[in-house]
Amino acid sequence: MLIEKTLLGEINKEEKAIERILYFQNRNSDNKNIVAFSGGKDSIVLKHLCQRAGLEAEYIYSPPSVDPPELVNYIKKYHKDVIFQPYKKDKEGNEITMWTLIPKKLMPPSRLVRYCCDVMKERTGEEGDTVYLGVRWDESSKRSKLPMFGFWKKKNIVRPIIDWTDEEIWEYIKKYNLPYCELYDQGFKRLGCIGCPLSSNQKRELDLYPQYKKNYIKAFDRMIEERHKKGKNCEWQTGEDVLKWWIGDNYKKKELEGQCSLFS
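Note that the coordinates shown come from a computational prediction; the quantities given were computed from them, not determined experimentally. (Residues numbered from 1 in each chain as written. Predicted model: local features only at pLDDT ≥ 70, side-chain atom pairs only at ≥ 80, totals over all residues. Heavy atoms only, no water.)

(A) Inspection of the side chain of Glu-168 at higher detail. Checked against the element boundaries, Glu-168 lands in helix 6 (residues 166–175). Within polar-contact distance, the side chain of Glu-168 engages the side chain of Lys-13 at 3.0 Å. (Helix = DSSP H or I, 4+ residues; strand = E, 2+ residues; numbered from the N terminus. Polar contact = N/O pair within 3.5 Å; in protein donor to acceptor, adjacent residues only side chain to side chain.)

Next up, the structure:
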């Protein structure tokens, strides 16, 4: 299945991905090659391919603070060479997590205002670095429009397995007997932040992880306090009021394409 037949002959997708990895590697001594590692099936395959290619790179996980604990434990157990990127800190020196970010932004993250992704997930690498991503066309129609190579926040972005299908990803994992997160065996198709507002399964995810639900309510309570302090209008009375609005079904019938969710 990893051999693609075309009019010009057969293409070995493993070899092609390795060629892309090596061709686009950063050769500037002042910059790095970074493999963005999330612990999901795509990044598992990408990491293995980069290692086979002999790429000199750092493997970095940027924790969003709301990933499933099973996923975090999997990374710690099977990928000890992956660097856990420290959380950013605010002006007072406090770590910025989802629970501190919501009060600072004075509003919950939403489909239109995705500040959490910008602050928590898209912080891997510095200007001029080459960042390898496990993004694929097969994931959504939105991602199907992405190029294999591009630029983002003054970084070089390479997507070596962009043309792989889900079936090919799993074939590769089984072929090389790569360990993967147990959540996949529990029926989860894709892994991502618990309670993400872009997911059509937001409510179900929060019910599965009640402690995260409590943490969101506490963050919403602090958000309301901050809005009052700054003289901002606020129709919500409690964090539970915010949560009820946040997980409402009136406008969240469809999962936004391209969003990583626990449930696909």
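(B) A look at the pairing of strand 8 (residues 155–158). On strand 8, burial covers both faces: Lys-155 and Ile-157 on one face and Asn-156 and Val-158 on the other are all buried. The sheet contact formed by strand 6 (residues 130–132) and strand 8 spans 3 bridges and is parallel. Bridged to Val-131 within strand 8 is Ile-157. The pairing of strand 7 (residues 149–152) with strand 8 spans 4 bridges and is classified as antiparallel. Each residue of the ladder has a partner; that of Phe-151, found in strand 8, is Asn-156. Remark: 2 residues form the turn of the hairpin made by strand 7 and strand 8, two consecutive strands paired antiparallel; Lys-153 in that turn has positive phi of roughly 50°. (Buried < 20%, exposed > 50% of the residue type's maximum accessible area, 1.4 Å probe, protein only. Pairing = 2+ DSSP bridges.)

(C) Here's a closer look at unusual backbone geometry. A positive phi angle is found at Ser-65, which is not glycine, with a value near 75°. Along the chain, the position of Ser-65 falls in the loop between strand 4 (58–61) and helix 3 (69–78). Overall, Ser-65 belongs to the buried group, its relative accessible area being 17%. Even without being a glycine, Lys-154 presents a positive backbone phi close to 65°. By secondary structure assignment, the location of Lys-154 is in the loop between strand 7 and strand 8.

(D) Geometry of the side chain of His-79. In this fold, His-79 is placed in the loop between helix 3 and strand 5 (83–84). The exposure class of His-79 is buried, given its relative accessible area of 8%. At 2.8 Å, the side chain of His-79 forms a polar contact with the side chain of Tyr-74. With near-sequence residues (within four places) excluded, His-79 lies in contact with Phe-37, Lys-47 and Tyr-74. (Contact = heavy atoms within 4.5 Å.)

(E) Quick peek at the confidence of the model for the protein chain. Residues with a pLDDT of 70 or more make up 91% of the protein chain, whose mean pLDDT is 89. Here residues 249–264 is modelled with pLDDT under 50, and outside its nearest four sequence neighbours on either side it reaches 60 contacts, counting other chains as well. (pLDDT = per-residue confidence, 0-100.)

(F) Up close: the packing of helix 1 (residues 13–23) against helix 2 (residues 41–53). Packing of helix 1 against helix 2 leaves a shortest axis separation of 9 Å and a crossing angle of 70°. In terms of axis orientation, helix 1 runs roughly perpendicular to helix 2. Together, Glu-14, Ala-17, Ile-18, Ile-21 and Leu-22 of helix 1 and Leu-49, Cys-50, Arg-52 and Ala-53 of helix 2 make up the contact between the two elements. (Axes fitted to C-alpha atoms, helices over the stretch in contact; angles between N-to-C directions. Parallel < 35°, antiparallel > 145°, perpendicular 65-115°, else oblique.)

(G) Spatial organisation of the packing of helix 4 (residues 98–105) against helix 8 (residues 210–229). In the contact formed by helix 4 and helix 8, the axes pass within 8 Å of each other and the chain directions differ by 25°. The orientation of helix 4 with respect to helix 8, classified from their angle, is roughly parallel. In this structure, helix 4 crosses over helix 8, and the sense of that crossing is right-handed. Residues Met-98, Trp-99, Ile-102 and Pro-103 of helix 4 lie in contact with helix 8, whose contacting residues are Tyr-212, Asn-215, Tyr-216, Ala-219, Phe-220, Arg-222, Met-223 and Glu-226. Grouping the constituent residues of the contact of helix 4 with helix 8 by class yields 9 nonpolar, 1 polar and 2 charged. (Left-handed = near helix turned anticlockwise from the far one by under 90°. Nonpolar A, V, L, I, M, F, W, Y, C, P; charged D, E, K, R; others polar.)

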